[in-house]
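The primary structure of each chain is shown beneath.
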Amino acid sequence: MSEELDFAGAVLAVVELIPPARVMTYGDVAATLGSRGARAVGRVMAESGGTVAWWRVIRADGRPPAGHEADAVAEYRSEGTPLTAASAHTGADPKDVRVDLARARWEPDLD
DNA sequence: CAGTTGACAGTCC
DNA sequence: GGGACTGCCAACT
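All values derive from a computational prediction rather than experimental measurement.

A. Region of the structure containing unusual backbone geometry. Phi angles above zero are rare outside glycine, and Ala 21 is one such case at about 65°. Considering the arrangement of structural elements, one finds Ala 21 in the loop between helix H1 (7-17) and strand S1 (24-25).

B. View of the nonpolar core. Within the largest apolar cluster, 28 residues are counted, with the highest numbers of intra-cluster contacts made by Met 45 and Tyr 76. If you list the elements that add at least two residues to this core, you get H1, helix H2 (26-32), helix H3 (38-48), strand S2 (57-58), helix H4 (69-79) and helix H6 (101-104). Element by element, the count of residues in this core is highest for H1, at four residues. Apart from the residues within four sequence positions on either side, Tyr 76 is in contact with Val 23, Trp 55, Ile 58, Pro 64, Thr 81, Leu 83 and Val 99.

C. Layout of the protein's contact with DNA strand C. Taken together, Arg 36, Gly 37, Arg 39, Ala 40 and Arg 43 form the complete shell of residues around DNA strand C. Of all atoms in DNA strand C that approach within 4 Å of the protein, 53% are sugar or phosphate atoms. Looking at the surface near DNA strand C residue by residue, the classes come out as one nonpolar, one polar and three charged.

D. The arrangement of the protein's contact with DNA strand B in detail. DNA strand B sits among 16 residues. The nearest are Arg 39, Ala 46, Gly 49, Ala 60 and Pro 65. Of all DNA strand B atoms lying within 4 Å of any protein atom, the proportion belonging to sugar or phosphate reaches 36%. At 2.6 Å, a backbone N or O of Ala 46 approaches a base nitrogen of DNA strand B. Those elements that place two or more of their residues in the surface near DNA strand B are H2 and H3. Ranked by residues supplied to the surface near DNA strand B, first place goes to H3 with seven residues.

E. The layout of surface pockets, seen in detail. Taken as a whole, the largest pocket holds about 350 Å³ of empty space. Along the walls of the largest pocket sit 15 residues, with Tyr 26, Gly 42, Met 45, Arg 59 and Pro 65 positioned nearest its centre. The set of elements that each furnish at least two residues to the lining of the largest pocket consists of H2 and H3. Top contributing element to the lining of the largest pocket by residue count: H3, with four residues.

F. A look at the environment of Val 44. Residue position: Val 44 is located in helix H3. C-alpha of Val 44 to C-alpha of Leu 12: the two residues are 32 residues apart in sequence and 7.8 Å apart in space. Setting aside residues no more than four positions away along its own chain, Val 44 makes contact with Phe 7, Ala 8, Val 11, Leu 12 and Gly 49.

Rules and cut-offs
Residues numbered from 1 in each chain as written. Chains lettered and ligands numbered in written order. Predicted model: local features only at pLDDT ≥ 70, side-chain atom pairs only at ≥ 80, totals over all residues. Heavy atoms only, no water. Helix = DSSP H or I, 4+ residues; strand = E, 2+ residues; numbered from the N terminus. Core = buried A, V, L, I, M, F, W, Y, C linked by side-chain atoms within 4.5 Å. Buried < 20%, exposed > 50% of the residue type's maximum accessible area, 1.4 Å probe, protein only. Contact = heavy atoms within 4.5 Å. Near = heavy atom within 4 Å. Nonpolar A, V, L, I, M, F, W, Y, C, P; charged D, E, K, R; others polar. Polar contact = N/O pair within 3.5 Å; in protein donor to acceptor, adjacent residues only side chain to side chain. 1 Å grid on protein atoms, 1.4 Å probe; cavity = no way out; pocket = protein on both sides within 12 Å on 5 of 7 lines; lining within 4 Å. Points joined across faces, edges and corners; volume = space filled by probe spheres on them.

Right under this line is the structure:
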């Protein structure tokens, strides 16, 4: 088995390893793959988005991908992902919501 | 084969 | 704290 898969396959594999209530930045996923193409990771998500927990992969700012903030926030509240106090306030706009990377950031093979 | 685009990241002002 | 510029990698035209 190993990394016989394409770059996209490797990205999807890492995303699938991310447990609930946890998130990884595009840069972290890319670094795990040995690459530094954070944008390349985002491309894979856009292509395979819907078949993987894309909401568990966010930007370094702690914000979900543009145009999908609402969908991501809905998943965060459903899984209990740690959000910032400002965004945890109900009624706040989805674009104002941020994930607390200080606590939600997760990396594979570690706990 | 070279240029452009993109669900990004890090640094500078 | 927020906005702008540059660098990165992979796929498309």
